[in-house]
Structures are given as C-alpha cells and as structure tokens.
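Residues per chain are reported as follows:
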Amino acid sequence: MSEGNGFVLWFTGLSGAGKSTLTEAIAPRLRELGLRVEVLDGDEVRQHLSAGLGFSRADRDTNIRRIGYVANLLARNGVAVITAAISPYRETRDAVRRQVERHGVAFIEAYVAATLEECEARDVKGLYAEARAGRRPGFTGIDDPYEPPLHPELVLPTGSEAAGTSAARVLAYLELRGFIPSARSVGARS
C-alpha cells in the first residue's frame, strides 16, 4: 500500500453479531498506526444520513448505497473507512463493492458470522424479542432474510471466537495485504 491510499473495511452480519464491537476495537488501533480513520455505523447513518427511510427492501438498499457512496468518497481521499451495517442483501453489497473497486479502492468484506441463536442470546436491546412478538415486522433474520456473502475476504465466527481474536485476525489481514504497516516496522520507527 502506498502512503495515503484508503480502503473500505465492510463489516456485515446480523444485528448483534459483533460488527460495532469489532469496529470499536480496530478503529483506535488503526489511528495509533497513523491512519486517518472514519467509521460509518449503520445506526448512526440511519439517524443522520438516511433519516426518514423505513425498512422495506428498497429503503434498506438505499441506506446501504448511501453508506457505500460516502465510504467510497472518503477512501478515495486516503481515509481508512470502517462500516458496521447489517447490509442484509448480497446484491446490494456486491454493487457497493463494484462501485468502490471501480475507483481503484480496496473493498474488504468481513462477514461477522454469528448465528441467529447467538445474536438473540446477546441481544441487549431486546430487538429480537420485539421481532418475535410481532412488534418489529421485517426484522432481519426473523421475517426478512440475511444473505451471507459468498466470497468475503474475512469470515469472523464471533459466536465461537473472542472479539479480541477476531479483531487481531482483521489487523493481521490488513497487515498482510499492505494496508497497514507491520508491527515490526512500527516498532523500528519508534
């Protein structure tokens, strides 16, 4: 990776799979390495950039395309972008990938692969219980599909793997691909 090149690290998975947890572990580490980092969290984007959108397939697709558009703009300008959004539909994620890669920016899809049962068990917001009770129609994983990626760059089994281990695997991948400096070169500069 040459100095100043951005990339898009796209976390996808069910609600409660650990996307935000991984983002919170990885973003500070990337900043410590001297990268400019921006986080596009699905909940925050819905509140600020996609206010007024519902949860129909068309609205979900619009939300994900907006996240992709902003991620692409930032990454093209040297920012390491981390997205944490369910992004349930494979076709839309693939369209975002094509958009990003068309501009010469790396798109790293990281599937945060916790099972529905694991996500329900750790659901601190009670969203799954509301969906099961019929108070949240169209909830991803309950009565709306989540389509796992077919060929993600990373699969992170957060149901069976500690968050710290998953985060370390992401950082190792970024180092191996040259997106971040190796720990050895960082130590040599200190």
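What you see is a predicted model; the values in this text were computed from it and never measured. (Residues numbered from 1 in each chain as written. Predicted model: local features only at pLDDT ≥ 70, side-chain atom pairs only at ≥ 80, totals over all residues. Heavy atoms only, no water.)

## A closer look at the overall build of the protein chain
Thought 1: A count of helices and strands for the protein chain gives 8 helices and 5 strands.
Thought 2: When the helices and strands of the protein chain are read in sequence order from the N terminus, they spell out β-α-β-α-α-β-α-β-α-α-β-α-α.
Thought 3: The globule rule puts the C-alpha radius of gyration for 190 residues at 16 Å, and the 17 Å found for the protein chain is close to it.
Thought 4: Principal-axis analysis of the C-alpha atoms gives the protein chain an extent of 55 × 35 × 30 Å. (Helix = DSSP H or I, 4+ residues; strand = E, 2+ residues; numbered from the N terminus. Rg over C-alpha atoms; globule rule 2.2 N^0.38 Å.)

## A look at the packing of helix α1 (residues 19–32) against helix α7 (residues 163–176)
In helix packing, the relevant descriptors are the interaxial angle and the interaxial distance, both defined with respect to the helix axes.
Thought 1: It is at 9 Å that the axes of α1 and α7 come closest, and there the two elements cross at 45°. Considering their axes alone, α1 and α7 lie oblique with respect to each other. Relative to α7, α1 is oriented so that their crossing is right-handed. Residues Thr21, Leu22, Ala25, Ile26, Arg29 and Leu30 of α1 form the contact with α7, whose own contacting residues are Ala163, Ser166, Ala167, Val170, Leu171 and Leu174.
Thought 2: Of the residues in the contact of α1 with α7, the class split is 9 nonpolar, 2 polar and 1 charged. (Axes fitted to C-alpha atoms, helices over the stretch in contact; angles between N-to-C directions. Parallel < 35°, antiparallel > 145°, perpendicular 65-115°, else oblique. Left-handed = near helix turned anticlockwise from the far one by under 90°. Contact = heavy atoms within 4.5 Å. Nonpolar A, V, L, I, M, F, W, Y, C, P; charged D, E, K, R; others polar.)

## Brief notes about the pairing of strand β4 (residues 106–112)
Thought 1: For β4, the tally of buried residues reaches 7 of 7 residues, placing the bulk of the element in the interior.
Thought 2: The side-chain alternation of β4 yields two buried faces, one formed by Ala106, Ile108, Ala110 and Val112 and the other by Phe107, Glu109 and Tyr111.
Thought 3: As paired elements, strand β1 (residues 7–12) and β4 share 6 bridges and run parallel to each other. Residue pairing in the sheet places valine 8 in a bridge with phenylalanine 107 of β4.
Thought 4: Where β4 and strand β5 (residues 154–156) come together, 3 bridges link them in parallel fashion. Residue pairing across strands places tyrosine 111 opposite valine 155, the latter belonging to β5. (Buried < 20%, exposed > 50% of the residue type's maximum accessible area, 1.4 Å probe, protein only. Pairing = 2+ DSSP bridges.)

## Considering the packing of helix α3 (residues 57–76) against helix α4 (residues 90–102)
Thought 1: Running from N to C, α3 and α4 cross one another at 20°; their axes reach a closest spacing of 10 Å. Judged on the interaxial angle alone, α4 and α3 are roughly parallel. By crossing handedness, the relation of α3 to α4 is classed as right-handed. Along the contact surface, α3 presents Arg57, Asp61, Ile64, Arg65, Gly68, Tyr69 and Asn72, while α4 presents Glu91, Thr92, Ala95, Val96, Gln99 and Val100.

## What about the sheet that holds β5?
Thought 1: One open sheet holds the 5 strands; their spatial order is β2-β3-β1-β4-β5, and the pairing between them is parallel. If you trace the sheet from one side to the other, it starts and ends with β2 (37–41) and β5, each paired once. Taken over all neighbouring pairs, the strand axes of this sheet differ in orientation by 20° on average, direction set aside.
Thought 2: Contacting β1 and β4, α4 runs over the sheet at an angle of about 155° to β4.

## Details of the nonpolar core
Thought 1: Counting 36 residues, the largest nonpolar core has Phe7, Leu9, Phe11, Ile26, Leu30 and Leu174 as its most contacted members.
Thought 2: Not counting residues within four places of it along the chain, the set of residues in contact with isoleucine 26 comprises Leu9, Phe11, Ile82, Ala167, Val170 and Leu171.
Thought 3: Core analysis: the second largest hydrophobic core is formed by 15 residues, Val8, Trp10, Val45 and Val100 among them. (Core = buried A, V, L, I, M, F, W, Y, C linked by side-chain atoms within 4.5 Å.)

By themselves these figures say nothing about function.
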